[in-house]
Amino acid sequence: MSRRSLSRAEAQRRADQIRAFRAELADSAREGLAPPPADWLDSLARHQDDLLAAAASQFDIDRTLSEKQMSLGMSAAAIFGAGALVAAVVSYFDRVWGTLPAGWQVAAVTAAPLAAVAATILVARRERTLHLASVCAIVACAAFVLQTVMLGQIFNMRGSPHVLAAWAAFALALALAYEFALPFAAAIVALIGYGSALTITTMGGHWSTALQRPESLLLPAAVALVAACRAPESIRAWGRDTALLLLLAPVLILSASGTASLLTWAPDTVELGYQILAVALGIAAIVLGIRHDHSDVFVIGASFLAVFLLLRFVDWWWDWMPRYLFFLLLATLALVWLWLLRVFRRRLSGEAS
Amino acid sequence: MRRLALAAAVVLPLVATSAALLSARTNRAAGRDAIVLTEHELQLRPRSSDNSAAIFEIRWREPRQLAKWMTRAKLEELGFNCQVDPAAPGADRHYRQALPRAAFVALEYDGPAVAAWLEAQRLLAGPASDDTRRRPGRPEPTSHLVAIDAAPNAATLDRRYPDAQRHLITSAIVRPDLDWPPGKPPALGGRIMILVPGEIHVPSRLISHLASGHYAVTVRYGQRWEPWVVDIAARQP
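Residues numbered from 1 in each chain as written. Chains lettered and ligands numbered in written order. Predicted model: local features only at pLDDT ≥ 70, side-chain atom pairs only at ≥ 80, totals over all residues. Heavy atoms only, no water.

(A) Focus on the overall build of chain B. When you go through chain B residue by residue, the secondary structure sums to five helices and 10 strands. If one aligns the C-alpha atoms of chain B with their principal axes, the spans along those axes are about 65 × 55 × 40 Å. Put simply, chain B shows about 11,200 Å² of open surface, and 56% of that area lies on carbon and sulfur atoms. Charge centroids of chain B, computed over 31 positive and 24 negative side chains, lie 6 Å from each other. (Helix = DSSP H or I, 4+ residues; strand = E, 2+ residues; numbered from the N terminus. Areas by Shrake-Rupley, 256 points an atom, 1.4 Å probe, with all protein chains shown as cover. Lys, Arg positive; Asp, Glu negative; His and termini not counted. Charge placed at Lys NZ, Arg CZ, Asp CG, Glu CD.)

Structure follows, in structure tokens:
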């Protein structure tokens, strides 16, 4: 039987499934269930061992729970290390900047991202887990941003929104080369920012004031959300979650502050419209998260709705309601929400069986 | 796919630097004559051992009572919708909601506008800060740069104010503003939010000339309306 080549994400998922399957098989045997035929078990064990060995040699995946926990720790350490390294690079440039002639300044800021990209490539060749390589990639992205900002400063340039597109392109290139999650999320943020800047420019405003109008983020975030769902599986969730957060955040802001809207309606009308949209989007995120088995989307949707409702309750009741009654009402609503989720869960279980 | 992506990651920094160098070369190939400004107009950002870069912040004035040039007609010329009567209901929201726009502004250096402002202050015999709008750049009361005009394109101002040693033309972000004089109906005006760029980088070869804290800076604006420091000389205060 031919076996198609697996991606890193698929290999890790298969390894997790095999680990869970073997644990359940052992538990069932301990509880007295008759095991499957021995020759079938042997054949299955050999198949699974071959698959794990191949995946381990190619991707260095986590084969046990301890390895998985270690990998989480390594990812956290990588993110922390990348942040500290970026701060070190920026601080170093700040310190030596005034002592360098203009030519050296240009050369230094140009060399920084190139050196970081070279480091990413070299490290990735030697390290299968790619944690160190991801650190180098994050530093490369920061170095490229630093390069464009410093060049703009050296030559006193007026600035352009197209620099956001350049940032997005650079981060996307590194993200897709090795399926790095953080650079992909950064590329999504830069792309949405670019779309927002272009929206404001098209309307006659100055692009640097785009964030004063949160609505300018909505369409680019929606487009980015759809595009992120087509990314490689290992980085898809990061792009999807980033775009979803940047889609929901403006809705939350405008549901509370209609004066920041581009619409010419009365602020109260704008706020009401965005409150209705907030409820619809929150419920949609929850339903889609459950339907497609995306727990991250479900958590974001549920958290968004919770924050939105809390803001509404404070806005409606805080000023006139006794404090104890306000919190009692919140508790009651939380219990009603819990009950509704239980009913929904029971229905899902009924459908599954 | 990986090779293509990595090639893009290598090419982009080179393209960025090339584009910046080309833009600077184009900007400096032509432009207005130089203007000499002092530490009152170009304030040096604080430096330290951890921050050795030398950056000037451009300080200017936009005195409220002198901004009579920012009329409804001027705002409409800049692209704003000024059809709503300032006294009408909802006018405040209309003008607050207007998107800030890019424009070019002319600033007069050490000319009649500054003299008029100083005279007005002397007559009022009040603190200078009462009538000077605070800008995000915190303009110093001693700056002799005063905003006197704006236009949607620089060529108009360049023709109108040909003396580069007395008038500085630069890009800015402007927006309409309602003024509420006490006892009078609201009046439509405008204000300059920030100059673009609002800072000028000091070449490291000239940093030593800033030691005394009193300096005369020769600045030129090129054909892309981006400035650069030509020279710095120490001066007596």
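Read on for the rest.
(B) Broad picture of the overall build of chain A. Secondary structure summary: chain A contains 12 helices and zero strands in total. When the helices and strands of chain A are placed in sequence order, the string is α-α-α-α-α-α-α-α-α-α-α-α. Projected onto its principal axes, the C-alpha positions of chain A cover 75 × 60 × 35 Å. Here chain A, with 353 residues, has 39% of them falling under the buried criterion. Carbon and sulfur atoms provide 68% of the accessible area of chain A, an area that totals close to 19,400 Å². Computing the positive centroid from 27 side-chain charges and the negative centroid from 25, chain A places the two 3 Å apart. (Buried < 20%, exposed > 50% of the residue type's maximum accessible area, 1.4 Å probe, protein only.)

(C) How the structure looks around the sheet that holds strand 4 (residues 101–109) of chain B. Residue and element names in this part refer to chain B. If you trace the four strands from one edge of the open sheet to the other, you get 5-4-6-7, paired in antiparallel fashion. Edge positions in the sheet fall to strand 5 (145–151) and strand 7 (187–196), since each of these pairs with one other strand and no more. Each adjacent strand pair in this sheet contributes to an overall mean axis angle of 50°, direction not counted. Sheet topology note: the strand 6 (residues 167–179)/strand 7 ladder contains nine bridges and is antiparallel. Note on strand 7: the bridge partner recorded for A172 is L195. (Pairing = 2+ DSSP bridges. Axes fitted to C-alpha atoms, helices over the stretch in contact; angles between N-to-C directions.)

(D) Region of interest: the environment of A:S43. Residue and element names in this part refer to chain A. Take S43: it is sitting in helix 2 (residues 38–59). A relative accessible area of 38% places S43 in the partly exposed class. For the pair formed by S43 and L198, sequence separation is 155 residues and the distance between their alpha carbons is 59 Å.

(E) Representation of the interface of chain A and chain B in the model. In this complex, chain A contributes 52 residues to the contact, which on the side of chain B involves 47 residues. When the two sides are added together, the surface that chain A and chain B hide from each other amounts to roughly 3,900 Å², 61% of it contributed by carbon and sulfur. Our enumeration of links across chain A and chain B arrives at one salt bridge. A:R95 is the partner of B:D50 in a salt bridge, and the nearest nitrogen-oxygen pair spans 2.6 Å. (Contact = heavy atoms within 4.5 Å. Buried area = accessible area lost by both parts, 1.4 Å probe. Salt bridge = Lys/Arg side-chain N within 4 Å of Asp/Glu carboxyl O.)

(F) Examining the packing of aromatic side chains more closely. With the rule as written, the count across this model stands at 13 aromatic pairs over all chains. Look at A:F326 and A:F327: their rings are 5.3 Å apart centre to centre, the planes differ by 80°, and that puts the pair in the edge-to-face class. In this structure A:F327 comes out as partly exposed when scored by relative accessible area, which is 48%. Cluster of aromatic residues (ring-pair linked, three or more members): A:Y92, A:F93 and A:W97. Between A:R323 and the ring centre of A:W318, over which it is positioned, the NZ or CZ distance is 4.0 Å. The side chain of B:R101 reaches across the aromatic face of B:F80, ending 5.8 Å from its centre. (Phe/Tyr/Trp six-rings, centres within 6.5 Å; stacked < 30°, edge-to-face > 60°. Lys NZ or Arg CZ within 6 Å of the ring centre and 35° of its normal.)

(G) Focus on the pairing of strand 4 of chain B. Residues and elements named next belong to chain B. In terms of burial, strand 4 is largely enclosed, as seven of its nine residues are buried. Here eight bridges tie strand 4 to strand 6, and the two strands are oriented antiparallel to one another. Of the residues in strand 6, the one forming a bridge with R101 is V174.

(H) Spotlight on the sheet that holds strand 8 (residues 199–201) of chain B. All names here are of chain B. With respect to topology, three strands assemble into an open sheet ordered 2-3-8, the strand pairing being antiparallel. Looking at which strands have only one partner, the edges of the open sheet turn out to be strand 2 (42–44) and strand 8. Shown here is a sheet whose adjacent strand axes are inclined to one another by a mean of 30°, direction ignored. Here strand 3 (residues 55–58) pairs with strand 8 via three bridges, running antiparallel. Across the sheet, the residue bridging to F56 is I200, located in strand 8.

(I) Highlighting the packing of helix 6 (residues 162–178) of chain A against helix 1 (residues 2–28) of chain B. Running from N to C, helix 6 of chain A and helix 1 of chain B point in directions that differ by 150°, and their axes come no closer than 8 Å. By the criterion of interaxial angle, the relationship of helix 6 of chain A to helix 1 of chain B is roughly antiparallel. Where helix 6 of chain A crosses over helix 1 of chain B, the two elements pack in a sense that is left-handed. Side by side, helix 6 of chain A and helix 1 of chain B meet where A:A166, A:A169, A:F170, A:A173, A:L174, A:A177 and A:Y178 of the first sit next to B:R2, B:A5, B:L6, B:A8, B:A9, B:L12 and B:P13 of the second. When grouped by side-chain class, the residues that make up the contact of helix 6 of chain A with helix 1 of chain B number 13 nonpolar, no polar and one charged. (Parallel < 35°, antiparallel > 145°, perpendicular 65-115°, else oblique. Left-handed = near helix turned anticlockwise from the far one by under 90°. Nonpolar A, V, L, I, M, F, W, Y, C, P; charged D, E, K, R; others polar.)

By themselves these figures say nothing about function.
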